[in-house]
Amino acid sequence: MARILVIRFSALGDVAMTVPVIHSLATQYPQHEIIILSRGMMQPLFQRLPSNVRFINADLSGKHKGIRGLNRLYNELKAMRFDYVADLHNVLRSRYLRYRFLLSGVSVAAICKGRLGKKQLIRRRHKVLVMQKTSFQRYADVFSALACPVRLDFTSIYGAGKGDFSQIASVVQPKGTDKWIGIAPFAKHRGKIYPIELQEQVVAHFAANPTVKVFLFGGGKEEQEVFDRWTKKYPSVTSLIGKLNLSTELNLMSHLDVMLSMDSANMHLASLVGIPVVSIWGATHPYAGFMGWKQQPDHTVQLDLSCRPCSVYGQKPCFRGDYACLMQITPRQVIEKIERIIS
């Protein structure tokens, strides 16, 4: 039996992408104890993993903040006597912890992010449009380096089933024969957001269908304002802001027929419950390796422009100034992708 520390802080989508790999690892090595170190808000992602997986909260804004806090965190972790440390983040904080474990004689390995290939993918001229290794495979490679090769065979955090509907019954009515569509219209960066006025046309189309139920996923003041406007205009549409936590959002997603998402966390959350995702890609591209788990390439909506992709994460401003990669996608293109799945 070995005890493995897995480190991954960062954004929700990045942490969600570790779940298929850790689930596969846990089922294939039931004799090992796997400890996930991440921010506390990520814990619901790991609640339905095998019993040999545990979660530890890294309080990076509180008692584990700064170098003194990292030393405190290391001392807490050292007392657990790990055999291996898998750094799935490879940033300053995780490197510091990793090196301290290495100096104490623990076997460590870290993710290779493939920066050169991604740089060639997004450069303005002479792009090398080659599919990069997926984040899932990069995570798996870390465990292979620790003598724990992983066969990626994950399906869903609910196995072959769905979430317990009784846990969300206070928010939604029974599904019946209706088709349920989730729509997550926002992302962290503008380069990944399909224009809201065009997305509204997609919402309006499905809201007019009495056999379809639309659920809006998101959070934050700006998103609240947009969702309030849409739900007033389209009474059959339901905003989920403030109604569910991460655990119950995953539950509801498992009952959807399809999710419409940007290149964002909701694409990955829906993927964890085995739901098909129609994903819209603008400044970013699936070739960077961030497509949702087992999502189909023909479910993507994207344009073949010579300037795409221009960013790995979507944070760079459009050098053309017009975001043609998003503005030129028609609502009809998006609607047809969704209807192909639910019909």
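Scroll up for the structure.
Residues numbered from 1 in each chain as written. Predicted model: local features only at pLDDT ≥ 70, side-chain atom pairs only at ≥ 80, totals over all residues. Heavy atoms only, no water.

K.L.:
Mind showing me how you'd approach the packing of aromatic side chains here?
P.N.:
Any aromatic ring pair is given by two values, namely how distant the centres are and how the planes are angled relative to each other. In the structure shown here, the tally under the stated rule is 10 aromatic pairs. Seen in terms of ring centroids, Phe290 and Tyr313 are 6.0 Å apart; in terms of plane orientation they differ by 40°. Their pairing is tilted. With Phe290 in the loop between strand S10 (277-280) and strand S11 (300-301) and Tyr313 in the loop between S11 and helix H11 (324-327), this pair connects stretches of sequence that are 23 residues apart. Its relative accessible area of 9% is what places Phe290 among the buried residues. For Tyr313, a relative accessible area of 44% puts it in the partly exposed group. Within the aromatic cluster, the residues linked to one another by ring pairs are Tyr74, Phe82 and Phe101. The residue whose ring lies beneath Arg98 is Tyr99, and the NZ or CZ to ring-centre distance is 4.8 Å. The ring of Phe215 carries Lys213 above its face, with NZ or CZ at 6.0 Å from the centroid. (Phe/Tyr/Trp six-rings, centres within 6.5 Å; stacked < 30°, edge-to-face > 60°. Helix = DSSP H or I, 4+ residues; strand = E, 2+ residues; numbered from the N terminus. Buried < 20%, exposed > 50% of the residue type's maximum accessible area, 1.4 Å probe, protein only. Lys NZ or Arg CZ within 6 Å of the ring centre and 35° of its normal.)

K.L.:
In this structure, what is going on with helix H4 (residues 92-103)? I would like to understand it.
P.N.:
What sets the pattern is the α-helix's 3.6 residues per turn: residues three or four places apart point alike. Taking 1.5 Å per residue, 12 residues should reach 16 Å; H4 reaches 16 Å between its end C-alpha atoms and fits that length. Among the residues of H4, Ser94, Leu97, Arg98 and Phe101 are the ones counted as buried. Looking straight down H4, one finds that the buried residues subtend no more than 100° of arc, so they occupy a single side. Exposed and facing more than 90 degrees away from the buried side of H4 are Leu92 and Leu103. Its buried side turned inward, H4 meets strand S1 (3-7), strand S2 (33-38), helix H3 (66-78), strand S4 (84-87) and strand S5 (107-110). Gly105 occupies a position one or two residues after H4 and carries a positive phi of about 100°. (Expected span 1.5 Å × (residues − 1). Arc of directions from axis to C-beta. Contact = heavy atoms within 4.5 Å.)

K.L.:
Help me understand the sheet that holds strand S8 (residues 237-239), please; the structure alone is not making it clear to me.
P.N.:
Paired through backbone hydrogen bonds, the strands of a sheet run either parallel or antiparallel to each other. The strand order across the open sheet formed by 6 strands is S8-S7-S6-S9-S10-S11, and the pairing between neighbours is parallel. Bordering the open sheet on either side are S8 and S11, each of which pairs with just one other strand. Here 4 bridges tie strand S9 (residues 258-262) to S10, and the two strands are oriented parallel to one another. Bridging across to S10, Ser261 finds its partner in Ser279. (Pairing = 2+ DSSP bridges.)

K.L.:
Just to check I follow, could you spell out the sheet that holds S1 for this structure?
P.N.:
Ordered by their spatial adjacency, 5 strands build an open sheet running S3-S2-S1-S4-S5, and the pairing between neighbours is parallel. Looking at strand neighbours, the two that pair on one side only are strand S3 (53-57) and S5, the edges of this open sheet. Geometrically, the sheet is characterised by an average inter-axis angle of 20° between neighbouring strands, direction not taken into account. As paired strands, S2 and S3 are joined by 5 bridges and run parallel to one another. Looking across to S3, one finds that Ile36 is bridged to Phe55. Together, S1, S2, S4 and S5 form the strand contacts of H4, whose direction differs from that of S5 by roughly 155°. (Axes fitted to C-alpha atoms, helices over the stretch in contact; angles between N-to-C directions.)

Fair warning: the whole summary comes from geometry, so function is off the table for now.
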